[in-house]
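Residue-level listing of the chains:
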Amino acid sequence: MIKKLTEANRKQLMEFVCQKPAENLFIIGDVEAFGFDHEFQTLWGHFGEAGELIAVLLKYESNYIPYAPGEYDIEGFAKIINSDSNMRELSGLKEVVEKLEPLIPKKKRSSNSFYYAKCQRLLENKRDEELVRVEKLTLDEIEENVELLKEVPEFQTSNITVESKKRMIENKTGRTYFIRADGEMATTASTTAENSSSAMIIAVATKEKFKRQGLATDCMIKLCKDLLAEGKELCLFYDNPEAGKIYKRLGFVDIGFWNMYRYE
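To start, this report covers the structure provided alongside it. Because the structure is predicted, anything quoted here is derived from the model rather than measured.

**What to know about the packing of helix H5 (residues 142–151) against helix H6 (residues 162–171)**
Logical step 1: Contact geometry of H5 with H6 gives a least axis separation of 9 Å together with a crossing angle of 125 degrees. Comparing their axes, H6 and H5 come out oblique. Considering the relative orientation of H5 and H6, their crossing is right-handed. Where H5 abuts H6, its residues Ile 142, Glu 143, Asn 145 and Val 146 lie against Val 162, Lys 165, Lys 166 and Ile 169.
Logical step 2: Looking at the contact of H5 with H6 residue by residue, the classes come out as 4 nonpolar, 1 polar and 3 charged.

What follows is the structure, given as C-alpha cells:
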C-alpha cells in the first residue's frame, strides 16, 4: 500500500532512511529542513502488510527521488510521478531508478550516471597544526570563491551562484573551505545538503597555476575531518575515474551509481 506521509510518520521514516545516511542524504536533509507540510515537498511511503516501510518517494519541487533497499511498488510510484505534469527530474541510486525510468513516458532531455562514493573514516589524515592554512569561507568572501570556480573549466557551466552559497551558509546546509596562496584564493571544497547524519562534498577545485601542490588534498582533509568529527557520513558524485583515485586515497569507497534523468 502506498500512502502520503505526514508528521505522524516522521519517526518511522527517519529510522528507515537513516539506516543508509549517505545513500539517503537528500531525503534526510529535505525532511529535516522542510518537514511534510510545504507545498513544494511531498513524501509517499510504500508499506508492507505489517505496516513496515518498504520504500519512499520524495518530491521536491519538480524533482523525484525514490529509495528502496529491495523490491518495491514500481507501478505505484510511476503512477504518482506521471500524474505530475510539472515533473522534470528523476534521480536516485541506479538499482532503484533504473526499474522506474522505463515507466516514465516523458521525453528525456538528458541521462547521466555518476559514481557514488562515501567516506566513514579518513585513510589519509593530518594534525590540525598541519592544516592551519585551510580557512572557512565567510559571507564576505563568497564572490571571490565563485570567481575561483568560474576560472576552473569543469565549473564554468555550474549553477553555483553567490546567492546559493550565501543561502547554504545562512541555513547551515553547506560550508566551504579554502586555501590562499600568494595572496589569492587558490583551492576550495564545499558541502551541500548537510543534515544531522550526512553531507555531500561538491565543488572541489583548484586554479591551474596552483595545481600539484597538495592544496586540494589539505582542503579536503580538513573538510572531511571536521564533518566526520560531527558524526556525519560523507558522500560525493564523480564521473572521472582519475578523480576517483584521489578520493579513494582519502578513504572514500564506491557504493554504486547515482542516475539522473532530466525531462522536457
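Once you've had a look at it, read on.
**Observations concerning helix H7 (residues 215–229)**
Logical step 1: For H7, which comprises 15 residues, the first-to-last C-alpha distance of 21 Å matches the rise-based estimate of 21 Å (1.5 Å per residue) to within 8%.
Logical step 2: The buried count for H7 comes to 11 of 15 residues, which makes it a mostly enclosed element.
Logical step 3: The complete set of buried residues in H7 reads Leu 215, Thr 217, Asp 218, Cys 219, Met 220, Ile 221, Lys 222, Leu 223, Cys 224, Asp 226 and Leu 227.
Logical step 4: Of the surrounding elements, those touching the buried residues of H7 are strand E7 (134–136), strand E8 (176–181), strand E9 (184–192), strand E10 (198–206), strand E11 (233–238) and helix H8 (241–250).
Logical step 5: One or two steps after H7, the chain reaches Gly 231, where phi turns positive at roughly 80 degrees.

**Focus: the pairing of strand E6 (residues 108–119)**
Logical step 1: Examined bridge by bridge, E6 and strand E12 (residues 253–263) share 10 bridges and lie antiparallel to one another. In the sheet register, Tyr 115 faces E12, and the bridge partner there is Phe 257.
Logical step 2: Direction of pairing for E6 relative to E11: antiparallel, over a ladder of 5 bridges. When the sheet's bridge partners are listed, Ala 117 is paired in E11 with Leu 236.

**Considering the state of the cysteines**
Each disulfide consists of a covalent bond between the sulfur atoms of two cysteine residues.
Logical step 1: Evaluation of the coordinates by the stated rule reveals 0 disulfides.
Logical step 2: Cys 219 takes part in no disulfide bond, and the closest cysteine sulfur, belonging to Cys 224, lies 9.8 Å away.
Logical step 3: Residue Cys 219 is classed as buried on the basis of its relative accessible area of 0%.
Logical step 4: As a non-bridged cysteine, Cys 235 has Cys 119 as the owner of its nearest cysteine sulfur, 11 Å distant.

**Overview of the packing of aromatic side chains**
Logical step 1: According to the stated counting rule, one finds 15 aromatic pairs in the structure shown.
Logical step 2: Between Phe 34 and Phe 40, the ring centres sit 5.1 Å apart and the planes meet at 80 degrees, which makes this aromatic pair edge-to-face.
Logical step 3: Residue classification places Phe 34 among the partly exposed positions, given a relative accessible area of 28%.
Logical step 4: Looking at Phe 40, the relative accessible area reads 24%, which means it is partly exposed.
Logical step 5: For the pair Tyr 115 and Tyr 238, a centre-to-centre distance of 4.8 Å together with 10 degrees between the ring planes defines the contact as stacked.

**Focus: the side chain of Ser 91**
Logical step 1: Following the sequence through the fold, Ser 91 ends up in strand E5 (residues 89–93).
Logical step 2: In this structure Ser 91 comes out as buried when scored by relative accessible area, which is 5%.
Logical step 3: Residues contacting Ser 91, with those up to four places away along its chain left out, are Tyr 64, Ile 65, Pro 66, Val 97, Trp 258, Asn 259 and Met 260.

**Side note on H8**
Logical step 1: Within H8, the full set of buried residues consists of Gly 244, Tyr 247 and Leu 250. Projected onto a plane normal to the axis of H8, the buried residues spread over an arc of 115 degrees and lie on a single side.
Logical step 2: Here the buried face of H8 lies against E10, H7 and E11.
Logical step 3: Remark: Gly 251 follows H8 within two positions and exhibits a positive phi of approximately 130 degrees.

**Examining the sheet that holds strand E3 (residues 53–60)**
Logical step 1: Taken in spatial order, the 12 strands of this open sheet run E1-E2-E3-E4-E5-E12-E6-E11-E10-E9-E8-E7, and their pairing is mixed. Each edge of the open sheet carries a strand with a single partner, namely strand E1 (2–4) and E7. Put simply, the sheet's adjacent strands are angled 25 degrees from each other on average, direction ignored.
Logical step 2: Here E10 pairs with E11 via 3 bridges, running parallel. Directly across from Met 200, in E11, lies its bridge partner Cys 235.
Logical step 3: Its contacts with the sheet put helix H3 (residues 74–82) on E1, strand E2 (41–47), E3, strand E4 (63–67) and E5, and the angle it makes with E3 is roughly 15 degrees.

Parameters and conventions
Residues numbered from 1 in each chain as written. Predicted model: local features only at pLDDT ≥ 70, side-chain atom pairs only at ≥ 80, totals over all residues. Heavy atoms only, no water. Axes fitted to C-alpha atoms, helices over the stretch in contact; angles between N-to-C directions. Helix = DSSP H or I, 4+ residues; strand = E, 2+ residues; numbered from the N terminus. Parallel < 35°, antiparallel > 145°, perpendicular 65-115°, else oblique. Left-handed = near helix turned anticlockwise from the far one by under 90°. Contact = heavy atoms within 4.5 Å. Nonpolar A, V, L, I, M, F, W, Y, C, P; charged D, E, K, R; others polar. Expected span 1.5 Å × (residues − 1). Buried < 20%, exposed > 50% of the residue type's maximum accessible area, 1.4 Å probe, protein only. Pairing = 2+ DSSP bridges. Disulfide = S-S within 2.5 Å. Phe/Tyr/Trp six-rings, centres within 6.5 Å; stacked < 30°, edge-to-face > 60°. Arc of directions from axis to C-beta.

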